[in-house]
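# Structure assessment
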Amino acid sequence: MASAITTLAADAPTLSAANTGFMLICSALVMLMTPGLAFFYGGMVRVKSSLNMLMMSFISLGIVTILWVLYGFSLAFGTDSGSVIGWNSDYVGLSGIGLTELWDGYTIPVYVFAVFQLMFAVITPALISGALADRVKFSAWVLFTALWVTVVYFPVAHWVWGAGGWLFELGVIDFAGGTAVHINAGAAALGVILVIGKRVGFKKDPMRPHSLPLVMLGAGLLWFGWFGFNAGSWLGNDDGIGAVMFVNTQVATAAAMLAWLGYEKLRHGSFTTLGAASGAVAGLVAITPAGGSVSPLGAIAVGAIAGVLCAMAVGLKYRFGYDDSLDVVGVHLVGGIAGSLLVGFFATGGVQSEAKGLFYGGGLEQLGKQAVGVFSVLAYSLVVSAIMAFLLDKTIGMRVSEDVEVSGIDQVEHAETAYDFSGAGGGISSRTTAAPAPAAASKKVDA
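These remarks concern the structure in this document. (Residues numbered from 1 in each chain as written. Predicted model: local features only at pLDDT ≥ 70, side-chain atom pairs only at ≥ 80, totals over all residues. Heavy atoms only, no water.)

### Things to note about helix 11 (residues 296-313)
- If you check helix 11, its first and last C-alpha atoms are 25 Å apart, about what 18 residues at 1.5 Å a residue would give, namely 26 Å.
- Regarding helix 11, the residues found buried are Gly298, Ala299, Val302, Gly303, Ala306, Gly307, Cys310, Ala311 and Ala313.
- The inward-facing, buried residues of helix 11 contact helix 9 (241-268), helix 10 (273-290), helix 12 (316-320) and helix 13 (328-346). (Helix = DSSP H or I, 4+ residues; strand = E, 2+ residues; numbered from the N terminus. Expected span 1.5 Å × (residues − 1). Buried < 20%, exposed > 50% of the residue type's maximum accessible area, 1.4 Å probe, protein only. Contact = heavy atoms within 4.5 Å.)

### Some remarks on the packing of helix 8 (residues 212-231) against helix 9
- Following both chains from N to C, one finds helix 8 and helix 9 inclined at 140°, their axes separated by 9 Å at the closest point. Relative to helix 9, the element helix 8 is oriented oblique. Where helix 8 crosses over helix 9, the two elements pack in a sense that is right-handed. Each of Trp223, Phe227, Asn230 and Ala231 in helix 8 lies in contact with helix 9, whose residues at this interface are Gly242, Met245, Phe246, Thr249, Gln250, Thr253, Ala254 and Met257.
- Its residues assigned to classes, the contact of helix 8 with helix 9 comprises 7 nonpolar, 5 polar and no charged. (Axes fitted to C-alpha atoms, helices over the stretch in contact; angles between N-to-C directions. Parallel < 35°, antiparallel > 145°, perpendicular 65-115°, else oblique. Left-handed = near helix turned anticlockwise from the far one by under 90°. Nonpolar A, V, L, I, M, F, W, Y, C, P; charged D, E, K, R; others polar.)

### Some points on the nonpolar core
- One finds Phe73, Leu132 and Tyr153 to be the most contacted residues of the largest nonpolar core, which totals 107 residues.
- Setting aside residues no more than four positions away along its own chain, leucine 132 makes contact with Met56, Trp141, Val192, Ile193, Ile196 and Ser325.
- Counting 13 residues, the second largest nonpolar core, distinct from the first, contains Ala290, Val294, Ala306 and Leu342. (Core = buried A, V, L, I, M, F, W, Y, C linked by side-chain atoms within 4.5 Å.)

### Here's the deal with the packing of helix 8 against helix 10
- The interhelical angle for the contact between helix 8 and helix 10, taken along N-to-C directions, is 15°, at an axis separation of 9 Å. Taken together, the axes of helix 8 and helix 10 are roughly parallel relative to one another. When the axes of helix 8 and helix 10 are compared, the crossing they make is left-handed. In this structure, helix 8 uses Leu212, Val215, Met216, Ala219, Leu222, Trp223, Trp226, Phe229 and Asn230 to contact helix 10, whose residues at the interface are Thr273, Leu274, Ala277, Ala280, Val281, Leu284, Val285, Ile287 and Thr288.
- By residue class, the composition of the contact of helix 8 with helix 10 is 15 nonpolar, 3 polar and no charged.

### Quick look at the pattern of salt bridges
- The final tally for this structure, using the stated rule, is 7 salt bridges.
- The closest approach of N and O atoms between aspartate 134 and arginine 199, which form a salt bridge, is 3.4 Å. Pair noted here: aspartate 134 is in the loop between helix 4 (110-129) and helix 5 (138-161) and arginine 199 is in the loop between helix 7 (178-196) and helix 8, with a separation of 65 residues, a long-range link.
- Judged by its relative accessible area of 3%, aspartate 134 falls in the buried class.
- Residue arginine 199 is classed as buried on the basis of its relative accessible area, which comes to 9%.
- Ionic pairing is found between glutamate 405 and arginine 399, a salt bridge with its closest N-O pair at 2.8 Å.
- Accessibility expressed as a relative area gives 3% for glutamate 405, which makes it buried.
- Overlapping salt bridges, with partners in common, bring together Arg46, Asp134, Arg135, Arg199 and Asp323 in one network. (Salt bridge = Lys/Arg side-chain N within 4 Å of Asp/Glu carboxyl O.)

And the structure:
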């Protein structure tokens, strides 16, 4: 008995300074994605709405952080109850956690796991905001964010990643958030915009991005931060799986950007910077659930397929008449669905798990599991988000007035404008007097 106890003690995980440091860096990278998203969205809107767009992302850093500490971490990752929600009183306020207490089965402290997952919770509602540009009261958005993460994100995170969560137990593969983050946010965006309606001038007025350099900056920050988002989701760096995910993230993103640009050139005749940025994000979204299951060649396929599908999907809003301002549905919902389902085709069985996709001899079993995960999260988020938006709209009102929307939401909601040109005059001092007319001209006039 003594020898058995000694063996078990020796096999128990111990705190790894290397993995702990790695995960803290990954957490900071994921945090950077929210400001990156703010720039990405902020550049895509018209100038009169750019500050509002920035704030709709930034405010999530405040709201979700506090709710996560108070009860969100407990709901998402506490002891399972009925396979749908968690709870652990020690996690309430993060008050009952030891400094060196390890996350179960891993070599990092619970605090590190909690802060890493916090950054996922922060960016998810911020993703929704891009669909609602130009027309939502900031106070209503703040309340919607608090309600949405509580009722939708925290439970879904438990379903997908929490021990005992029903999708986790089913065997749905979601390495870093294809269902819990991207499908969840994309479906919520669709639900809300179906309730609040279209922008004034939708399909009539030009609504072009006011700053494509900001869009490219935001896309670059997202791409950079996504390495922490994806590679960090293995919660360590001991067995090489995180390294495979890092490589697959780069490969799929590159493939999606090229595929989007190729489709754009064939369809519209131009290679655009907005297409390059959007294609990169589509690839990042699609590889997020799949990157721990596929080879680098599979990552190329996932990225290329998602790039084309998302490029095609962004035009659906004009066909079906829903006003998805910044293509959250077309990129995040469609990209998340594509990446999640493609696991069922391209999973090799030799990386994250032994589950194999259809192209590697695994049949349709894993594809079926992925489909259950995709459509259950989609349906739940779509319906609940629409109900919440409807209730808020009927009580405090979700939309600004038409006059505010036309004149610009930034000035009314935030008392600021993005750019101040008052000090950028023509370089002529107000004290400068007009030069006298040439003598010949004066004589001619006098005559």
